Amino acid sequence: MAWIVLVLSGMLEAGWALSLKASDGFTRLWPSVTFVVLLVASMGGLSWALKSLPVGVAYGVWVGIGAALTAVLAVVLFHETVSVLKIVSLVLIVAGVVGLNLSSGGAHA
């Protein structure tokens, strides 16, 4: 269950990062409110998952999911540029997340 919460929290991290962009420096109310709500939920989920998962692995997975999903959604939602280097880098992030997950051996879930 901790892994499921961790993955969902990583996805919420992408949500708060994108909301932060959409808030335009906290000058737009609803994206700013969304940022705060998603930030609290994401941190809460990470905190809960850390009760049973090792911090190095859990934090790496959380950040990796958030970073990769944020980059992909930024291309779609904010029309950010795509390059071969960006795609390769995202693949490396995903590979790192998978590697961290495998390194834990599932013993702490």
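Our subject is the structure listed above.
*Asks:* How should I be thinking about the overall build of the protein chain in this particular structure?
*Replies:* Summing up its helical and strand segments, the protein chain has four helices and zero strands in all. Helices and strands appear in the protein chain in the N-to-C order α-α-α-α. C-alpha atoms of the protein chain, sized along the principal axes, occupy 45 × 35 × 15 Å. Each of the 109 residues in the protein chain was classed as buried or not, and the buried ones make up 31%. Of the roughly 6400 Å² of accessible surface on the protein chain, a fraction of 76% belongs to carbon and sulfur atoms.

*Asks:* What am I meant to see in unusual backbone geometry here?
*Replies:* Trans peptide bonds make up most of the peptide bonds, and negative phi angles are found at most residues other than glycine. Non-glycine residue D24 carries a positive phi angle of around 55 degrees. Here D24 shows up in the loop between α1 (2–22) and α2 (29–49). A positive phi angle, near 60 degrees, is found at F26, a position not held by glycine. Take F26: it is sitting in the loop between α1 and α2.

*Asks:* Explain the packing of α2 against helix α3 (residues 55–78) to me, please; I cannot follow it from the model alone.
*Replies:* The geometry of a pair of packed helices is captured by two quantities: the angle between their axes and the separation between those axes. The contact between α2 and α3 brings their axes to 10 Å, and the two run at 150 degrees. Considering their axes alone, α2 and α3 lie roughly antiparallel with respect to each other. Between α2 and α3 the crossing geometry is right-handed. Touching S42, M43 and L46 of α2 are A58, Y59 and W62, all from α3. Of the residues that constitute the contact of α2 with α3, the class distribution is five nonpolar, one polar and no charged.

Rules used throughout
Residues numbered from 1 in each chain as written. Predicted model: local features only at pLDDT ≥ 70, side-chain atom pairs only at ≥ 80, totals over all residues. Heavy atoms only, no water. Helix = DSSP H or I, 4+ residues; strand = E, 2+ residues; numbered from the N terminus. Buried < 20%, exposed > 50% of the residue type's maximum accessible area, 1.4 Å probe, protein only. Areas by Shrake-Rupley, 256 points an atom, 1.4 Å probe, with all protein chains shown as cover. Axes fitted to C-alpha atoms, helices over the stretch in contact; angles between N-to-C directions. Parallel < 35°, antiparallel > 145°, perpendicular 65-115°, else oblique. Left-handed = near helix turned anticlockwise from the far one by under 90°. Contact = heavy atoms within 4.5 Å. Nonpolar A, V, L, I, M, F, W, Y, C, P; charged D, E, K, R; others polar.

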